[in-house]
Amino acid sequence: MIPFTDAHTHRDPHDPGILALRNLDSPQELPAPPCPGILLSAGIHPRDIGKYDLETLEACLDTHCCAAVGECGLDRTAEADFACQEACFLRHAELADARSLPLVIHCVRAYPEIIRLKKRWKNTVPWIIHGFRGNAETARELLKHGFALSLSPVWLRHAETLHPEIAEAGFLLETDDGEESLPELYERAARLAGTAPDELRERIHKIFTGIFQHE
Ligand SMILES: [Zn+2]
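This text gives an overview of the structure that appears in the document. Predicted model, so just to flag it, every value in this text is computed and none were measured.

**Quick look at the side chain of Ser-41**
Then, number 1: Relative to the helices and strands, Ser-41 resides in strand E3 (residues 38-42).
Then, number 2: Setting aside residues up to four positions removed in sequence, Ser-41 forms contacts with Leu-21, Arg-22, Asn-23, Leu-24, Cys-66, Ala-68 and Gly-70.

**Things to note about the packing of helix H3 (residues 111-121) against helix H4 (residues 136-144)**
Then, number 1: H4 packs onto H3 with a crossing angle of 10° between their chain directions and a minimal axis gap of 10 Å. As the angle between them shows, H3 and H4 are arranged roughly parallel. Contact residues: H3 offers Tyr-111, Ile-114 and Ile-115, while H4 offers Thr-138, Glu-141 and Leu-142.

**Here's the deal with the pattern of salt bridges**
Between side chains of opposite charge, pairing is possible as soon as their charged atoms come close.
Then, number 1: This model, assessed by the stated rule, comprises 13 salt bridges.
Then, number 2: We note a salt bridge from Lys-51 to Asp-48, for which the minimum N-O separation is 3.1 Å.
Then, number 3: A salt bridge links Arg-99 to Asp-62; the shortest N-O distance between them is 3.0 Å. Taken together, the residues span a long stretch of sequence, with Arg-99 in helix H2 (residues 82-99) and Asp-62 in helix H1 (residues 54-63) at a distance of 37 residues.
Then, number 4: Looking at Arg-99, the relative accessible area reads 23%, which means it is partly exposed.
Then, number 5: Asp-62 sits in the partly exposed class, given a relative accessible area of 46%.
Then, number 6: Taken together, the shared-partner salt bridges in this structure form one network comprising Asp-12, Arg-22 and Glu-29.

**Observations regarding H3**
Then, number 1: Those residues of H3 that fall on the buried side of the exposure criterion are Tyr-111, Glu-113, Ile-114, Ile-115, Leu-117 and Lys-118.
Then, number 2: Contacts from the buried residues of H3 go to strand E4 (68-75), H2, strand E5 (103-108), strand E6 (127-132) and H4.
Then, number 3: At the C-terminal side of H3, Lys-122 shows a positive phi close to 55°.

**Concerning the packing of helix H7 (residues 182-193) against helix H8 (residues 197-212)**
The relative placement of two packed helices is expressed as an angle between their axes plus a distance between the axes.
Then, number 1: Where H7 meets H8, the closest approach of the two axes is 9 Å, and the angle between their N-to-C directions is 105°. Judged on the interaxial angle alone, H8 and H7 are roughly perpendicular. The residues of H8 that touch H7, namely those facing Tyr-186, Ala-189 and Ala-190, are Pro-197, Leu-200, Arg-201 and Ile-204.
Then, number 2: Classifying every residue of the contact of H7 with H8 by side-chain character gives 6 nonpolar, no polar and 1 charged.

Rules behind the numbers
- Residues numbered from 1 in each chain as written.
- Predicted model: local features only at pLDDT ≥ 70, side-chain atom pairs only at ≥ 80, totals over all residues.
- Heavy atoms only, no water.
- Helix = DSSP H or I, 4+ residues; strand = E, 2+ residues; numbered from the N terminus.
- Contact = heavy atoms within 4.5 Å.
- Axes fitted to C-alpha atoms, helices over the stretch in contact; angles between N-to-C directions.
- Parallel < 35°, antiparallel > 145°, perpendicular 65-115°, else oblique.
- Salt bridge = Lys/Arg side-chain N within 4 Å of Asp/Glu carboxyl O.
- Buried < 20%, exposed > 50% of the residue type's maximum accessible area, 1.4 Å probe, protein only.
- Nonpolar A, V, L, I, M, F, W, Y, C, P; charged D, E, K, R; others polar.

If you want it as structure tokens, here you go:
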């Protein structure tokens, strides 16, 4: 049976039917012992800038064999100065390229800026917008510039339609730090995308493993 994949979660799923990218809440967090269904990601969240340094993050990425760098990004509601957020984000982009690891991005009210940075950066690894909840135009722009989208569970719960460009391009699903059940999110997304649930699960699994388990 193909597992459900969770592209961004803050909890260990403890479910053999789920393959998850578990985000460490800080580069200093000690993860649970390695488990086949759990991949790790580590980064400095924009609201934690100043709390952790990049050396600690580098050590964490190496020690725990992380499968992705992040979450990191830009957030207009975070306290840290925006130029400082950009600089920190680009250091993450550098670490991701150097390790050939995908980059998981947290982006709040800064989609044009993240697109501008990507155009300049010319990254060699996938950049994934996690918690996507933008409108159709934003989705189109992000997809046009080669971002992968992982849909916000809260947004999905309230959505009445799925922008056709997202359904067509393919997307990831995630539980983030919410209470939503992953299988229910899949069911809902399948209904909105007009796809059979098994087909969607297979398609998302392929995208997930292509990005996070690429060897
Ligand atoms: Zn998160």
